[in-house]
Amino acid sequence: MSTLLEVSGVSVSFDGFKAINNLSFQIGEAEMRAVIGPNGAGKTTFMDIITGKTRPNDGRVIWGEKSVSLLSMSESQIAQAGIGRKFQRPTVFEDQSVADNLMLALKKKRGPLAVLRFRASEADRAAVADLAEQIGLAAALHRKSGELSHGQKQWLEIGMLLAQEPRLLLVDEPAAGMTAAEREHTTALLVEAAKTRAVVVVEHDMEFVRRLGCKVTVLHEGSVLAEGSLDHVTADEKVIEVYLGR
Amino acid sequence: MLLLLRRLVACLFVCVSLALPASAQQSDTPIQLLLQQFGPEIQKSSRKSIGPAIDALANSGLPDAQVVLERWQAKDMWFEKETGLFVFGAKADGGALTLFDVAGGLEIGTAPRKSYKQLKPNSGIRGMIASALVQFQLNDPDPVTRQRALTAIERDAEATHLAALRASIDVETDAALKARKARLERLLTIRFAEEDAERIAAIEGFSGDLSVDLRAALNPLVQTRLDVAQSLPEGAMPVDVGEGLSPDAAYALLTAQNLAPPRTDPDMLRAALIENIDGDQIAGIQVATLDTDDARAAVYATLAQSGAVPPLVTDEDVATTLERFVFFEAFVGAPVPVALAAQTALKDIEAKLAMSQTVDLALDGLSLASIYFLAAIGLAITFGVMGVINMAHGEFIMMGAYTGYVVQLFVPDYTLSILLAIPLAFAVTFAAGVVMERLVIRWLYHRPLETLLATFGVSIALQQLAKNIFGTQARPLTAPGWLDGSLVINDVIAISYIRIAIFVLALIFLALFLFVMNRTRLGLEVRAATQNPRMAASMGINPDRINMLTFGFGSGIAGIAGVAIGLYAKVTSEMGADYIVQSFMTVVVGGVGNIWGTLLGATLVGTLQKGIEWLNPSNTLAAQTYMILFIILFIQFRPRGIIALKGRAAEA
Amino acid sequence: MTDLALTPPRRAFVLRHPSAVIFIGILALFTIGVTVLAEGFGIGVISTSFVKTLGKTLCLCLVALAMDLVWGYCGILSLGHMAFFGIGGYAIGMWLMYARTEIIVQTSLAAAPLPPTPQEISDGIAAQIFGVVGASEFPPIWAFAHSLPLQLAAVVLVPGLLALVFGWLAFRSRVTGVYLSILTQAMTLALSLYLFQNDSGLRGNNGLSGLQNLPGQGDVPQSTISILFFWASALALGLGYLMCAWVVSGKFGSVIRAIRDDEARVRFLGYSVEAYKLFIFTITAVIAGIAGALYYPQAGIINPAEIAPIASIYLAVWVAIGGRGRLYGAVIGAAFVSLLSTWFTGGQAPDINLGVYTVQWVDWWTILLGLSFVGVTLFAPRGIGGLFDLVAARRMPNRHGQDLGPDAGALREKEADR
């Protein structure tokens, strides 16, 4: 299995506080990975570094077969390179319809002039309808996304992520605030997605992680504490100490 | 021999005139004899010829000379028409004249006025007498007179003063005056000494001195004149045409010295052509075709060939002519070695002056910075703590200034009124700020653009309201007398007390702000509410109250800034608008949410503006333009200001 | 209304945008009506000066349209668009002034004994134009003033390039929100201060004057010229409206509204937010420049005070009162407020005698405007355009979470994942 993303020796500090400390991480194509860790472990900062939002003080972030460095690319370039991100709090464009949100995310040319000339084709509309079906929002296609429930917004965001056709999905707490049924649906969506691409899920909820059934990376104070199957890491002394306290 | 003869004549004269009323007059006193020696010149009283007479009197060493000069200057000197003897006279009743002896000044009787004639020296001569008198006054027993004499010399020195001054130094008893005399002597040596070496030594003796009088003494020495010759004279500095001197100016110099024919400029050419118009033709060419410079030049050339006009001097002619001459600058103020020494000394002075000026500029910048700081600190509080842009901040400044003005209407004592105005301005603008926060701002938290626009609406309304109440003309806010004048450090550096006061005020507010924020309960609550409003609220801190007080506090400081600004600028309804952009710049450049950032921002903006003004002193508008451009560029490199918060706090 | 996926692709533009059709229809009727009523070709009920006022108002509507595009749709509260407007005015004013002075100078030199050389004509024009600022030579900035096509190009290019450079600098360093507003305000202030200088080459605070006279058309009466400019302004507004409607209708509009609401999120979708902002900022600057070039020949005079930041802030006021995020709102706001303002400040509004104090509207109008602006911001953020929603009973989304959309203005920059 070839490596899709390789993060090595990355450190970042805010005003002296080391949010990420010499962190290394790898993920291959079509792999699902859960990242867990207590509050302040640096999970979100870790995503910020990959997506270009935060520049690390040290270290390398290498992407794809051609081994390009992501550190010199802007957020939009990284997104276009095939890294999609779902935020912790659902952020969809509430003033626009579900269809528009999906259309916005659909993998197309992103330049202003190309977008100015863009008119949706039959295929595009079919793709949007298809996605809506997948995320269970087919009936809400023309509603303003601001009217959706919290869980629906989460799905819409996952749908937008899928519409981008990324090679790597970064998903931040997808199940937060969801009902049990919604969780199930979300799990199915993610597992399905991981068949064709790499998925990194940041999650607090152990039960949810267990259901994903994938390799787990435990972060603590900005570095990797343990890595392996969920059973393996939960048996780890250090992990127990960190999670349960001394 | 001559003297003997004169004395003899005088004796005879005395004998003859014994019967006359002026019989008591001594005609053979040394002073009278000296006067008689220059009798015709003195009587003629012409500025051109009087010089030797005054010099002779001044240098005679006679005890009466000073009095004679003084009385002469005061138009008290008369001479008898018949004998030409000089007396002091005072007009008495009935056309009579009371006479006094020129020697000793004793009264010698009265005589009919018509037999005497008054000497009426004109102002030029009086000036000459005055400068001759100076040397007497230098040794006057009264120190005040001596001082006055020194001042007179300083103002208008002459070569003759040098010797007198030198002679008076040793006998001077007053130490301060002696030092002053010694210094003046060196200055006069620079200007008037005959030996070059002596002057150079004097110049070098002043090394390190920056004073204006030294520069005034040196500057004439290094004066040069642009001149032209076939070859370079000795000691002259050549000037290259094209570098230090434009070809046009060089050629104009040649023309002025009749070394070359005047250049044919377009006006002359046109005038010459018009003079030679013959019907509708000039030299056989149709007038109507002469609408280009080339065509006109061609016709002119034809005319020149026929001798009707002087030949055309073309650019090539000018160039070849210029090549035949050397242009140079020659010293005209002093011999070359002296001039060179003076030049070195001046350069030295200039270098030192530049340093002083830099200090002065820095101080200027600092006082401007304190004004910006005062104007911006309130804005920084509301912007930094609450994330609210208050476009009406400038109007709060204006409100404070008008409060000061109104207080002065009721309290005539300026010191008292300012002391009253400061807390009152704070109170008024604090109240206005609280009202605005309650009525407008609190509905718009987390909508910064809306806040910006709404406060802008308040701003235009307040500005117009002030215009309606106080009118459009500027109102004065007068500083107390003890703030007049300035602190003089040397000839270049001087800071007005008002600016010092504003600087001190700025420091006080910095201290007050730090105290309130770091040492009081309110400050603690404000900081808590800034960092995490929800958490603060759950700890029992009422965010509404905090926001209200913070906004009021920021506005109140704007009011005090208004009083300070009003003291040195006029109070108008538009004064707030003049400061608002600079205040924003200060906050933006400094970085939001940090008082030290605001301080640094104010310092940067203030010194920068002064610096740019110094580079281009004629144009303060340009200075502001460039400063803003600089800030726009600055934002490129430090988008969050000098002191930027990093990490999550910055993005909250 | 702009639901892309819903809209079949081959339907005509006009059918997809009924509001644009209605707008163009009303504009056409208005233009015809004014033409018939005016002195130039019609029955002369409306005075020439009022035709000019209406023509100027149309230009203000056009620049308000640009402001709505950049602010209401893209969330950039630019306080610099009236500066671009003024630059357009200066660009056309230079040609008008040059060409008119050239005719005057040529006439006066024709009486001279010698026919004038080009240099003499140029010197004569320069002396006429720059006499007031004590100069007699053309500054380099006037190099193209003799040519109408070049100055017309400048109307478009100078605001466009300035916006491009400024926007590139500002957006590149991620200056957003109020920072950006202040920065644009600073740019506007710098420009107006620069123009206030006598050696700026544009006659300092005298500005350019006599622009209402078309060079070489001395025989054409002002009543005709005013109607011609009115038509040109109406045409420009119509075309501008259609263009803006086209820009905001498609996916592009969807992207810029998304940028307004959450620019970080758009970035993570792979769109280069800076490029879009720059595009909008520049294109609206060009529209503003064109509007200015049509406005100032009708106003007759332009001076640096017209460029001062306050003008741009008023522009924002018009758009806010009219209703942001809808094109017709901007037009209504600009027309309503500027005409009302003319009425009040022109001394036509009757004074109100309160017994103790007489309210003179010339003095109190600004206060009323300022306060009503505060009121609109607080109580009617959708502006006058919001009334149409009441009539149409447009359904607004029941928003959970934070305020979004044009009425809320751009959000404060925030951490998107918290």
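Residues numbered from 1 in each chain as written. Chains lettered and ligands numbered in written order. Predicted model: local features only at pLDDT ≥ 70, side-chain atom pairs only at ≥ 80, totals over all residues. Heavy atoms only, no water.

Looking at this structure, I do not really get helix α6 (residues 150-163) of chain A. What am I missing?
Helical periodicity: at 3.6 residues per turn, an α-helix aligns residues three or four positions apart in one direction. All names here are of chain A. When the terminal C-alpha atoms of α6 are compared, their 20 Å separation across 14 residues agrees well with the 20 Å that a helix rising 1.5 Å per residue should span. Counting buried positions over the 14 residues of α6 gives 12, a clear majority of the element. Turning to α6, its buried residues number three or more, namely G151, K153, Q154, W155, L156, E157, I158, G159, M160, L161, L162 and A163. Phi turns positive one or two residues past the end of α6, at E165, with a value near 50°. (Helix = DSSP H or I, 4+ residues; strand = E, 2+ residues; numbered from the N terminus. Expected span 1.5 Å × (residues − 1). Buried < 20%, exposed > 50% of the residue type's maximum accessible area, 1.4 Å probe, protein only.)

Which parts of the structure should I look at to understand the interface of chain B and chain C?
For an interface, size is often stated in terms of accessible area lost upon the parts coming together. Across the contact, 56 residues belong to chain B and 60 residues belong to chain C. Broken down residue by residue, the surface that chain B buries against chain C is led by B:L449, B:L453 and B:Q636, which jointly contribute 13%. Between B:E450 and C:R324 there is a salt bridge, with its nearest N and O atoms 2.7 Å apart. Summed over the shared surface of chain B and chain C, the number is 7 residue pairs in polar contact (both at pLDDT 80 or more). (Contact = heavy atoms within 4.5 Å. Buried area = accessible area lost by both parts, 1.4 Å probe. Salt bridge = Lys/Arg side-chain N within 4 Å of Asp/Glu carboxyl O. Polar contact = N/O pair within 3.5 Å; in protein donor to acceptor, adjacent residues only side chain to side chain.)

I keep staring at the sheet that holds strand β7 (residues 168-172) of chain A and nothing clicks. Help me out?
Where strands meet in a sheet, backbone hydrogen bonds hold them as pairs that are either parallel or antiparallel. Residue and element names in this part refer to chain A. Taking strand neighbours across the sheet as the criterion, the 6 strands line up as β6-β7-β8-β3-β9-β10 in an open arrangement whose pairing is mixed. Each edge of the open sheet carries a strand with a single partner, namely β6 (83-86) and β10 (223-228). The mean angle between the axes of side-by-side strands here comes to 20°, regardless of whether they run parallel or antiparallel. Bridge count between strand β9 (residues 215-220) and β10: 5 bridges; the pairing is antiparallel. Across the sheet, H220 pairs through a bridge with S223, a residue of β10. Packed on one face of the sheet, helix α1 (residues 43-50) meets β3 (32-36), β6, β7, β8 (198-202) and β9 and runs near 150° to β7. (Pairing = 2+ DSSP bridges. Axes fitted to C-alpha atoms, helices over the stretch in contact; angles between N-to-C directions.)

Explain the confidence of the model for chain C here, please?
Detail in the predicted coordinates should be disregarded across regions flagged by low pLDDT. Residue and element names in this part refer to chain C. Taken over all residues, the pLDDT of chain C has a mean of 84, while the share at 70 or more is 90%. When pLDDT is averaged over each helix and strand of chain C, the minimum, 62, is found for helix α1 (residues 13-16) and the maximum, 95, for helix α11 (residues 273-299). Note on residues 1-10: pLDDT is under 50 here. Beyond four places in sequence and across chains, it has 23 contacts. Contacts from residues 396-418, a stretch scored under 50 in pLDDT, to residues over four places away or in other chains number 78 contacts. (pLDDT = per-residue confidence, 0-100.)

Sorry, what's going on with a positive patch on the surface here?
A contiguous patch of positive charge, built from B:K75, B:K81, B:K91, B:K117 and B:K120, is present on the exposed surface. Within the fold, B:K91 resides in strand β2 (residues 86-92). (Patch = residues over 30% accessible without salt bridge, like charges linked within 9 Å, V, L, I, M, F, W, Y side chains within 5 Å. Areas by Shrake-Rupley, 256 points an atom, 1.4 Å probe, with all protein chains shown as cover. Lys, Arg positive; Asp, Glu negative; His and termini not counted. Charge placed at Lys NZ, Arg CZ, Asp CG, Glu CD.)

Would you explain the environment of B:G394 in this entry?
Residue and element names in this part refer to chain B. Inspection of the secondary structure puts G394 in helix α17 (residues 393-410). By relative accessible area, which is 1% here, G394 ends up buried. Along the sequence, G394 and L379 sit 15 residues apart, while their C-alpha atoms lie 9.2 Å from each other. Here G394 is in contact with G576 and I580, once residues within four sequence places are set aside.

Just checking my understanding: could you explain the pairing of β7(A) for this structure?
Along any regular strand, the residues point their side chains to alternate faces of the sheet. All names here are of chain A. Counting buried positions along β7 gives 5 out of 5 residues, so the element sits mostly inside the fold. Here β7 shows a buried face lined by L168, L170 and D172 and a second buried face lined by L169 and V171. Relative to β7, β6 is paired through 4 bridges, and the arrangement is parallel. Bridge pairing in β7 links G84 to L169. Sheet topology note: the β7/β8 ladder contains 5 bridges and is parallel. Across the sheet, V171 pairs through a bridge with V201, a residue of β8.

In this structure, what is going on with a nonpolar patch on the surface? I would like to understand it.
Residue and element names in this part refer to chain C. Side chains of V156, L157, L161, L164, V165 and I290 sit close together on the surface and give an oily, nonpolar patch of about 480 Å² of accessible area. The biggest single contributor to the nonpolar patch is helix α6 (residues 148-172), with 5 residues. Summarising the element assignment, L164 is placed in helix α6. Residue L164 is classed as partly exposed on the basis of its relative accessible area of 37%.

Would you mind showing me how to read the side chain of C:D261 here?
Residues and elements named next belong to chain C. Here D261 shows up in helix α9 (residues 251-261). On the accessibility criterion, D261 (4% relative accessible area) is buried. Reaching out from D261, the side chain makes a polar contact with the side chain of R260 at a distance of 3.0 Å.

What is the right way to read the confidence of the model for chain A from this model?
Looking at chain A as a whole, its pLDDT mean stands at 85, while 98% of the residues score no less than 70. Put simply, helix α10 (residues 237-244) of chain A is where chain A has its lowest mean pLDDT, 78, and β8(A) is where it has its highest, 90.

How do you make sense of unusual backbone geometry when you look at a structure like this?
All names here are of chain A. Residue A30 is not a glycine yet carries a positive backbone phi of 50°. Here A30 is to be found in the loop between β2 (17-28) and β3. Its relative accessible area of 39% is what places A30 among the partly exposed residues. Of note in this structure, E173 is not a glycine but carries a positive phi near 45°.

Explanation requested: the packing of helix α24 (residues 575-590) of chain B against helix α26 (residues 620-637) of chain B in the structure shown.
When two helices pack together, you describe them by how their axes are tilted relative to each other and by the distance separating the axes. Residues and elements named next belong to chain B. Put simply, α24 and α26 touch, their axes get as near as 11 Å, and they point 30° apart. The angle between the axes of α24 and α26 places the two elements in the roughly parallel class. The chirality of how α24 crosses α26 is left-handed. Contacts between α24 and α26 involve Q582, M585, V588 and V589 from the first element and Q624, M627, I631, F634 and I635 from the second. Considered class by class, the residues forming the contact of α24 with α26 number 7 nonpolar, 2 polar and no charged. (Parallel < 35°, antiparallel > 145°, perpendicular 65-115°, else oblique. Left-handed = near helix turned anticlockwise from the far one by under 90°. Nonpolar A, V, L, I, M, F, W, Y, C, P; charged D, E, K, R; others polar.)

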